[in-house]
Amino acid sequence: MYTCAYDDELAEIVKKAAERDDRSIKRQFTYYLKKVLREEGLLENPDNKKADCTRQSNQSASV
């Protein structure tokens, strides 16, 4: 688990977005954090990982 303090201005922006998107504030922070990490190339896109597993399974089956 983790704890983190956020700037009040950022927290207010995320709080408003959470209300708009019908998410909890914690889920909204997590959503934006993961989105930025993916855009920066620091977090692998889960769709790509799933596709790689499928491709590997198909290759193993054909060998």
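Residues numbered from 1 in each chain as written. Predicted model: local features only at pLDDT ≥ 70, side-chain atom pairs only at ≥ 80, totals over all residues. Heavy atoms only, no water.

Between its first and last C-alpha, helix α2 (residues 25-39) extends 21 Å over 15 residues, near the 21 Å set by a 1.5 Å rise per residue. With its phi angle positive at about 75 degrees, Gly41 sits one or two positions after the end of α2. (Helix = DSSP H or I, 4+ residues; strand = E, 2+ residues; numbered from the N terminus. Expected span 1.5 Å × (residues − 1).)

Compared with an ideal rise of 1.5 Å per residue, which puts 14 residues at 20 Å, helix α1 (residues 8-21) spans 20 Å between its outermost C-alpha atoms and is within 8% of the ideal. The set of residues buried in α1 consists of Val14, Ala17 and Ala18. Viewed end-on, α1 has its buried residues packed into an arc of 105 degrees, placing them on one side of the element. Facing away from the buried side of α1 by more than 90 degrees, the exposed set consists of Asp8, Glu9, Lys16, Glu19 and Arg20. Of the surrounding secondary structure, the elements contacted by the buried residues of α1 are α2. Two or three places before Glu9, at the start of α1, stands the capping residue Asp7, its side-chain oxygen 2.9 Å from that residue's backbone nitrogen. (Buried < 20%, exposed > 50% of the residue type's maximum accessible area, 1.4 Å probe, protein only. Arc of directions from axis to C-beta. Contact = heavy atoms within 4.5 Å. Polar contact = N/O pair within 3.5 Å; in protein donor to acceptor, adjacent residues only side chain to side chain.)

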